[in-house]
Amino acid sequence: MLTEFNLFGVFIAPLAVYALAALPLTMVVRSALWWTGLQNWFWHVALFEVSLYVCILCLLILYV
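The notes below deal with the structure included here. (Residues numbered from 1 in each chain as written. Predicted model: local features only at pLDDT ≥ 70, side-chain atom pairs only at ≥ 80, totals over all residues. Heavy atoms only, no water.)

Helix and strand counts for the protein chain stand at two helices and two strands. Moving toward the C terminus, one meets the helices and strands of the protein chain in the order β-β-α-α. Since a compact globule built from 64 residues should have a radius of gyration of about 11 Å, the 15 Å found for the protein chain marks it as more spread out than a globular shape. Dimensions of the protein chain, computed from the C-alpha atoms along their principal axes, are close to 45 × 20 × 20 Å. Counting over 64 residues, the protein chain shows a buried share of 19%. For the protein chain, the share of sequence-separated contacts (at least 6 apart) that also reach a separation of at least 24 residues comes to 47%. For the protein chain, the accessible area works out to roughly 5100 Å², and carbon and sulfur atoms hold 78% of it. (Helix = DSSP H or I, 4+ residues; strand = E, 2+ residues; numbered from the N terminus. Rg over C-alpha atoms; globule rule 2.2 N^0.38 Å. Buried < 20%, exposed > 50% of the residue type's maximum accessible area, 1.4 Å probe, protein only. Contact = heavy atoms within 4.5 Å. Areas by Shrake-Rupley, 256 points an atom, 1.4 Å probe, with all protein chains shown as cover.)

Structure (structure tokens):
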């Protein structure tokens, strides 16, 4: 459920917390794709990495 997070009396939007949590997960998946060589299959690597981040962020919002 999306509720505000209380950080020493300051309420933080849940989207900001999920966005910060999605960064390390994206880095792990990205490095695994580079290590296996699957990253070379994509035409526009930067666009794929942004879409990967958005997909991971959406999965975090839906399932956490």
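Let us keep going from here.
Moving on to the packing of helix α1 (residues 14-36) against helix α2 (residues 45-63). Running from amino to carboxyl end, α1 crosses α2 at an angle of 130°, the nearest separation of the two axes being 8 Å. As the angle between them shows, α1 and α2 are arranged oblique. Viewed along their axes, α1 and α2 form a crossing whose handedness is right-handed. Residue-level inspection shows L15, Y18, A19, A21, A22, L23, L25, T26, V29, R30, L33 and W34 of α1 in contact with α2, the latter providing V45, F48, E49, L52, Y53, I56, L57, L60 and I61. In terms of residue class, the contact of α1 with α2 is made up of 18 nonpolar, one polar and two charged. (Axes fitted to C-alpha atoms, helices over the stretch in contact; angles between N-to-C directions. Parallel < 35°, antiparallel > 145°, perpendicular 65-115°, else oblique. Left-handed = near helix turned anticlockwise from the far one by under 90°. Nonpolar A, V, L, I, M, F, W, Y, C, P; charged D, E, K, R; others polar.)

Let's shift gears to the packing of aromatic side chains. Under the defined criterion, the tally for this structure stands at two aromatic pairs. Here F42 and F48 contribute two aromatic rings whose centre-to-centre distance is 3.8 Å and whose plane-to-plane angle is 10°, an arrangement assigned as stacked. Taking relative accessible area as the criterion, F42 reaches 33% and is therefore assigned partly exposed. (Phe/Tyr/Trp six-rings, centres within 6.5 Å; stacked < 30°, edge-to-face > 60°.)

This next bit is on the pattern of salt bridges. Counted under the stated rule, the structure contains one salt bridge. Here E49 ties to R30 by a salt bridge, and the two come within 3.0 Å at their closest N and O atoms. Of the two residues, E49 sits in helix α2 while R30 sits in helix α1, which places them 19 residues apart along the sequence. (Salt bridge = Lys/Arg side-chain N within 4 Å of Asp/Glu carboxyl O.)

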